[in-house]
Amino acid sequence: MIPSKFSDFLAHSIYYKNKCSGNDELRQYWNDCTSIYVKNNYPVFQSALFSQDIDEHLEILYSRHWQDGSTKVLDAGCGIGAVTNFFAKNHPEASFTGITISSEQVKIAQENAQKNCTFVNASYDAMPFDDNAFDFVYFNQSIGYAPLVDVLSQARRVLKPGGRLLISDVCSVNDPDLVQSECIKQLQEIWKYMFYPNWYHLKAADLLGFKLIECNPNINMILDTTRWEKLMQNGLHEFHGGKNIFPAFKVSEFLYEKPHTS
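Residues numbered from 1 in each chain as written. Predicted model: local features only at pLDDT ≥ 70, side-chain atom pairs only at ≥ 80, totals over all residues. Heavy atoms only, no water.

Participant: Explain the overall build of the protein chain to me, using residue names and the numbers behind them.
Facilitator: Scanning the protein chain for helices and strands turns up nine helices and seven strands. In terms of C-alpha radius of gyration, the protein chain reaches 18 Å, essentially the compact-globule figure of 18 Å for 262 residues. In the protein chain, buried positions account for 53% of the 262 residues. In the protein chain, once contacts between residues fewer than 6 apart in sequence are set aside, the share between residues at least 24 apart is 79%. For the protein chain, the accessible surface area stands at approximately 12300 Å², while carbon and sulfur atoms represent 51% of it. Of the charged side chains in the protein chain, 23 are positive and 30 negative; the average position of the first set lies 3 Å away from that of the second. (Helix = DSSP H or I, 4+ residues; strand = E, 2+ residues; numbered from the N terminus. Rg over C-alpha atoms; globule rule 2.2 N^0.38 Å. Buried < 20%, exposed > 50% of the residue type's maximum accessible area, 1.4 Å probe, protein only. Contact = heavy atoms within 4.5 Å. Areas by Shrake-Rupley, 256 points an atom, 1.4 Å probe, with all protein chains shown as cover. Lys, Arg positive; Asp, Glu negative; His and termini not counted. Charge placed at Lys NZ, Arg CZ, Asp CG, Glu CD.)

Next comes the structure, spelled out in structure tokens:
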């Protein structure tokens, strides 16, 4: 009997539930390595950028991802707040919240915070926010640290009906071959990150009742990894034990809406 996509989804969900690191381990991981990013003037914590120039990268990212009309915004997995603060600077009429599991990142983010920004030290799979608190929830290469179903459930809870959810993520190729699969498993151990495939993203969101607005399944052609490679050479590679693994990944973007009715 050929397994259905639904049974594949359940099998993957069980795997990710068991594979994701605990919050204490993730907190220690990011508290330990954030200084490497900061030292290398790499404030966005992404593995691929729209430009080697950080300011230009933020301008392009903003033009692609900002949702007009948003007034209550959550940057989930905000790092040291570079994206949160950039969006907030462009929209002083709105309020912005950044959430990160790292107390070190919150400390740095608060030092540079715009007046309309608040940074919270917590995990995004157990968000300390009221239901229907935000009209725009945003994950920028950050959603892979906890089981996707748990995170999306929290995102749906805190999102207002009619609100938008945008996910830009590093995804594994669909149906990777044996060598690629082994690389993905090794990187899950090294980077603490689950590289969810596109189909799994889409299925999880659909099961939780999100309406898909737009999907860009592979934007690698417009991304630049030069600064990331320099970051790897200047401490991050050594921090992760000097292991050099390059599986087949793509950066995908998903834009959803929470329906007005359940």
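That shown, we press on.
Participant: Please provide a residue-by-residue account of the side chain of histidine 91, values included.
Facilitator: Inspection of the secondary structure puts histidine 91 in the loop between helix H4 (82–90) and strand E2 (95–100). Look at histidine 91 and you get buried, because its relative accessible area is 12%. A distance of 3.1 Å separates a polar atom in the side chain of histidine 91 from a polar atom in the side chain of tryptophan 66. (Polar contact = N/O pair within 3.5 Å; in protein donor to acceptor, adjacent residues only side chain to side chain.)

Participant: Break down the pairing of E2 for me, with residues and values.
Facilitator: Where burial is concerned, most of E2 is hidden: five out of the six residues are buried. Direction of pairing for E2 relative to strand E3 (residues 117–121): parallel, over a ladder of five bridges. Each residue of the ladder has a partner; that of phenylalanine 96, found in E3, is cysteine 117. Once the chain exits E2 it traverses helix H5 (residues 103–111) before rejoining the sheet at E3, and the crossover so formed is right-handed. (Pairing = 2+ DSSP bridges. Right-handed = clockwise from strand over helix to strand, strands pointing away.)

Participant: Lay out the nonpolar core in plain terms, naming residues and giving numbers.
Facilitator: Membership of the largest hydrophobic core comes to 87 residues, with the highest contact counts inside it found for Tyr37, Phe87, Phe139, Leu165 and Trp191. Residue contacts for tyrosine 37: discarding those within four places in its chain leaves Trp30, Tyr42, Phe45, Trp191, Trp228, Leu231 and Leu236. (Core = buried A, V, L, I, M, F, W, Y, C linked by side-chain atoms within 4.5 Å.)

Participant: Which residues make up the layout of surface pockets, and what values do they have?
Facilitator: One number sums up the size of the second largest pocket: a volume of about 320 Å³. In this structure, the second largest pocket is lined by 17 residues; those nearest its centre are His12, Tyr16, Ser172, Pro176 and Pro197. Taken together, the elements giving at least two residues each to the lining of the second largest pocket come down to helix H1 (5–19) and helix H7 (178–191). Broken down by class, the residue content of the lining of the second largest pocket amounts to nine nonpolar, four polar and four charged. (1 Å grid on protein atoms, 1.4 Å probe; cavity = no way out; pocket = protein on both sides within 12 Å on 5 of 7 lines; lining within 4 Å. Points joined across faces, edges and corners; volume = space filled by probe spheres on them. Nonpolar A, V, L, I, M, F, W, Y, C, P; charged D, E, K, R; others polar.)

Participant: Give me the packing of aromatic side chains: which residues, what numbers.
Facilitator: Enumeration according to the criterion identifies 30 aromatic pairs in this entry. For the pair phenylalanine 9 and tyrosine 200, a centre-to-centre distance of 4.8 Å together with 25° between the ring planes defines the contact as stacked. Within this pair, whereas phenylalanine 9 is found in helix H1, its partner tyrosine 200 is found in helix H8 (residues 198–207), the two being separated by 191 residues in sequence. Of the residues examined, tyrosine 200 reaches a relative accessible area of 2% and is grouped as buried. Among the aromatic residues, those joined into a cluster by ring pairs are Tyr29, Trp30, Tyr37, Tyr42, Phe45, Tyr145, Trp191, Tyr193, Phe195, Trp228, Phe239 and Phe249. (Phe/Tyr/Trp six-rings, centres within 6.5 Å; stacked < 30°, edge-to-face > 60°.)

Participant: Requested: an account of the sheet that holds strand E6 (residues 211–216), with residues and values cited.
Facilitator: Here we have seven strands laid out as an open sheet, ordered E3-E2-E1-E4-E5-E7-E6, and mixed in their pairing. Strands with a single pairing partner mark the edges of an open sheet, and in this sheet they are E3 and E6. The sheet shows a mean angle of 15° between the axes of neighbouring strands, direction not considered. Two strands pair when backbone bridges link them, and E6 and strand E7 (residues 249–257) are joined in this way by five bridges, in the antiparallel orientation. When the bridges of E7 are listed, leucine 212 appears paired with tyrosine 256. (Axes fitted to C-alpha atoms, helices over the stretch in contact; angles between N-to-C directions.)

Participant: With reference to specific residues and values, describe the side chain of threonine 34.
Facilitator: Looking at where threonine 34 falls in the secondary structure, it is placed in helix H2 (residues 23–39). In this structure the side chain of threonine 34 is engaged in a polar contact, spanning 2.6 Å, whose partner is the backbone oxygen of tryptophan 30. Not counting the four nearest positions on each side in its chain, threonine 34 is found in contact with Phe45, Ile80, Ser102, Gln105 and Ile108.

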